[in-house]
Amino acid sequence: MYSQKKCIAMLLAGGQGSRLFALTNKIAKPAVSFGAKYRIIDFTLSNCVNSNIDTVGVLTQYQPLILNEYIGNGQPWDLDRTFGGVHILPPYQAKTGSQWYKGTANAIYQNLSFIENYNPEHVLVLSGDHIYKMDYNMMLNEHLKTNADCTIAVLEVPLEEASRFGIMNTDANNRILEFEEKPANPKSNLASMGIYIFKKEKLFKYLIEDDKDPTSQNDFGKNIIPKMLKDGQKMQAYPFRGYWKDVGTIQSLWEANQDLIGEEPAFDIYNPFWKIYSRNIGIEPQYISPSASLSNSLVTDGAKIEGTVINSIIGSSVEVKKGAIVKDSVIFANTIIGENAVIEYSIIDENVKIGAFAKIGKPKADQVKIAVVGRNVTIGDHVTILDGANIEEDVKNEGKEE
Amino acid sequence: MKALAIIFSNIHNETIDELTRKRTTASIPFGGRYRLIDFSLSNLVNAGVDNVGILVQKNYQSLMDHLGSGKDWDLSRKNGGLVIFPHPNNYRNDDLYASRLSALISIKGFIESQMEENVILTDSDSANLIDFNDVLAMHKQKGADITIVYRHGICEKDLEGHMNFVLDDNQRIIDAHLKAKVGSPTNACLNIFVLQRRLLQGLLEEAIAQGMESFHRDLIFNNIKSLKIYGYEYQGVYLHINSMENYFKDNMALLNEEVRNALFGDKNHRIYTKVRDSAPTRYGALAKVENSFIADGCDIEGTVINSILFRGVKVGRGTVIKNSILMQDTITLDNVKLNYVITDKNVTIRSRNNLAGCEKIPFYLGKNTMI
């Protein structure tokens, strides 16, 4: 039956992403730019479409305006459907009062009637802040085959890093025996990717119970999963092999961007059968001038390159003026790098103006931290911004040339 | 401003035979990621015209594929939007003048059933930035029956076969010639007309009754005395594509900053095209690129100088591409040398090939060729 969905997706996109500092001052983390022409949420939405999941609820809360406008009617991802498609789900006022989303579980709890509307057999819960390509259908098949109540995608991480993640201890058949959130002495290296498929009935049951528990933090990882395990529900791990990155910090966001370039890029976005969709506006092709020099970089539409770009990611309509050098950096859309400015090991947000002869960041080395310049900021001529800086306001030249 | 627009997509096919062997003039690829029709459609949409009919005769698969439902131009609408009219079978494809008029006659019923007061008729054989609001405003202000967009200047070869006008001080057209002389100052017709829908209906009925054949001769030239026909001078950028030579020249014109800014500089007047969701362009460690206009989705390991690369072009290691236009999904493997070459879509050039043409006659490789 067309109007009943086998599986719908709920995408958690409400987090503030405070560890991205200036980059998430005015926009939600899933809307942060990535890989020259994308936003972080494009990867999850594209995964949904490429996995034939055509109904996606996007739960928003923190600074949603840019995200809302970006997603729009979902047309760029082919999610403008007659029945289903993408829906933005902000917190709302109800007869019993109104409340913000208190946690990941509570966000979905408040939208149970949205899920009910499609009457799916299974619900896929996703995070909007991961960079990866994954066929959710294969995970769903595994979920159906094992008749699990909940299937959790897991990734093998190096054992020494395992204590940063939620770790699953499983038996030989991938059945989850134990779940430990950031254990000091991890017993396995299977980390939860924050991707869950639930049987709808089980999800509803546990979310409703969770809401009645005043001590709960209303979080999937902290409350729902441990509770289900304790009750002996059938919980399966689904091992995922491939590229996956949580881009929750400046360092990991920079690294994930760098993973797109190099001799053999760690993350491939060129697969014609697994396209990453994004909202495109009519921008002309990029122009590379005679004075430009480009090496090992990613550049997109509308960019005008007159300077030198090395090991960098250049967003749409960025201008790199004559004599400017951009190295080991990530530049988001519509930013202008003034003449002879030097940008090293930095992330520069959208609509930033960097003055002539300005110096941002330090050459990449151990101990050197990434410099970050937030959106709409203007940096004056000859200004020096140190490494590790987090610039949220305009910086004017104080009249002194260094 | 509201108006009905009708685009002729096939008009100048035979003058640029290589490129239109498998496509319409309107769907000739241009400027890295566009088709010529993108400019007409964007001009119309940017002027608020959202009811567009496109007349096609033959070879229109590529155009249909490009246009889809029209949503990339925001023309997928309940009211109006994009309508494509393939030719009815009684066409006379060989006669251009007759086809423009008979094409219009074939959609007379559609024209009659629309609500807009004015109709814009336009060809799709150039990249330009005509402001249709301005043309419509002048049409209204002059109380004109027909307003024709023209270009003033020394006639160059591309406009030789175009009608040209003699105007009085009030911009009214008082005389016309069906052909212009190269080198002499002319007011060349750009084949963009604005007229009242009711008037067009009347003219078409008259044409049917009297068995007229030529739009220019019978409807325009013969009516200069009886109708108020005004000229609108278009002074902006106009890259007219009707031969291989000026196809090459006009693409290369985009390497000029002034031309680029004129066409693409206005952020409130974007040129829309089919979205292909290409990934960004990747430049390898040894890439060397100078003075080139490059679309998304390319993978560049070699050298590219003075060239236009369309979406999805691959340039292998040690390959040197100079003064060339490589259309969508052209693949050049390692150590290839190209100079003054135009490759059509999906061309593959294997390693160590050395191909060259010259500026006047660029070396052209047809669609899906493999060398």
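Residues numbered from 1 in each chain as written. Chains lettered and ligands numbered in written order. Predicted model: local features only at pLDDT ≥ 70, side-chain atom pairs only at ≥ 80, totals over all residues. Heavy atoms only, no water.

### Some details on helix H5 (residues 136-145) of chain A
All names here are of chain A. Burial in H5 covers these residues: Tyr136, Met139, Leu140 and His143. The buried residues of H5 occupy one face: seen down the axis, they fall within an arc of 100°. Where H5 begins, the capping side chain belongs to aspartate 135, and its oxygen is found 2.9 Å from the backbone nitrogen of asparagine 137. After H5 finishes, the residue asparagine 147 shows a positive phi value of roughly 50°. (Buried < 20%, exposed > 50% of the residue type's maximum accessible area, 1.4 Å probe, protein only. Helix = DSSP H or I, 4+ residues; strand = E, 2+ residues; numbered from the N terminus. Arc of directions from axis to C-beta. Polar contact = N/O pair within 3.5 Å; in protein donor to acceptor, adjacent residues only side chain to side chain.)

### Points about the sheet that holds strand E27 (residues 346-348) of chain A
Across a sheet, paired strands are connected by hydrogen bonds in the backbone, their directions being either parallel or antiparallel. The 11 strands are arranged E33(A)-E30(A)-E27(A)-E24(A)-E21(A)-E18(A)-E14(B)-E17(B)-E20(B)-E23(B)-E26(B) in an open sheet whose pairing can be described as mixed. Since the sheet does not close on itself, it has two edges, and those belong to strand E33 (390-391) of chain A together with strand E26 (348-349) of chain B, each with one partner. Those strands touched by helix H8 (residues 250-258) of chain A are strand E21 (313-314), strand E24 (330-331), E27 and strand E30 (371-373) of chain A, and its axis lies near 90° from that of E27(A). (Pairing = 2+ DSSP bridges. Contact = heavy atoms within 4.5 Å. Axes fitted to C-alpha atoms, helices over the stretch in contact; angles between N-to-C directions.)

### A look at the nonpolar core
Generally speaking, a soluble globular protein has its nonpolar side chains buried in company with each other. Residues A:Met134, A:Ile195 and A:Leu253 are the most contacted members of the largest nonpolar core, which totals 74 residues. For this core, the element with the most residues is helix H1 (residues 40-50) of chain A, which contributes six residues. Not counting residues up to four positions away in its chain, the partners in contact with A:Met134 are A:Asn47, A:Ser51, A:Met139, A:Ala153, A:Met193, A:Ile195, A:Tyr238, A:Phe240 and A:Trp274. If you look at the next biggest cluster of nonpolar residues, it comprises 69 residues, including B:Ile28, B:Met138, B:Leu190 and B:Ile192. (Core = buried A, V, L, I, M, F, W, Y, C linked by side-chain atoms within 4.5 Å.)

### What to know about the interface of chain B and chain A
Taken residue by residue, the interface counts 36 residues in chain B and 36 residues in chain A. Across the interface of chain B and chain A, roughly 3,000 Å² is buried in total on both sides, 46% from carbon and sulfur atoms. Linking chain B with chain A are three salt bridges. For the salt bridge of B:Arg317 with A:Glu263, the shortest nitrogen-to-oxygen distance reads 3.4 Å. Put simply, chain B and chain A have 23 residue pairs in polar contact (both at pLDDT 80 or more) between them. Of the residues in the side of chain B that touches chain A, the class split is 16 nonpolar, eight polar and 12 charged. Both strand E16 (residues 286-288) of chain A and strand E16 (residues 292-294) of chain B contribute to a ladder of three bridges, which runs antiparallel. Along E16(B), the bridge assignment pairs A:Tyr287 with B:Phe293. (Buried area = accessible area lost by both parts, 1.4 Å probe. Salt bridge = Lys/Arg side-chain N within 4 Å of Asp/Glu carboxyl O. Nonpolar A, V, L, I, M, F, W, Y, C, P; charged D, E, K, R; others polar.)

### Here we look at the pairing of strand E14 (residues 235-240) of chain A
All names here are of chain A. Burial analysis of E14 places five of its six residues in the buried class, which makes it a mostly covered element. With six bridges connecting them, strand E10 (residues 150-156) and E14 associate as parallel partners. Bridge pairing in E14 places alanine 153 opposite tyrosine 238.

### A word on the domain arrangement of chain B
Residue and element names in this part refer to chain B. When cut into domains, chain B gives domain 1 (3-264) and domain 2 (282-365). Computed over C-alpha atoms, the centres of domain 1 and domain 2 are 33 Å apart. Interface of domain 1 and domain 2: buried area, both sides summed, is about 1,800 Å²; carbon and sulfur atoms make up 69% of it. Summed over the shared surface of domain 1 and domain 2, the number is two salt bridges. Ionic pairing is found between aspartate 344 and arginine 23, a salt bridge with its closest N-O pair at 2.7 Å. Counting across the domain 1 and domain 2 interface gives five residue pairs in polar contact (both at pLDDT 80 or more). Elements with a minimum of two residues in the side of domain 1 that touches domain 2: helix H1 (17-20), strand E2 (29-30), strand E3 (34-35), helix H9 (244-252) and helix H10 (257-264). In terms of residue count, the dominant contributor to the side of domain 1 that touches domain 2 is H9 (six residues). (Domains from an automatic or database assignment.)

### Re the pairing of strand E12 (residues 229-233) of chain B
Residues and elements named next belong to chain B. Within E12, four of the five residues are buried, which leaves it mostly tucked inside the rest of the structure. Both strand E8 (residues 146-154) and E12 contribute to a ladder of five bridges, which runs parallel. In the strand pairing of E12, valine 149 is matched with tyrosine 232.

### Topic: the sheet that holds strand E17 (residues 293-295) of chain A
All names here are of chain A. Ordered by their spatial adjacency, six strands build an open sheet running E17-E20-E23-E26-E29-E32, and the pairing between neighbours is parallel. Of all the strands in the sheet, the pair left with one neighbour each is E17 and strand E32 (384-385). With two bridges connecting them, strand E26 (residues 342-344) and strand E29 (residues 359-360) associate as parallel partners. Each bridged residue has a counterpart across the sheet, and for isoleucine 343 the counterpart in E29 is isoleucine 360.

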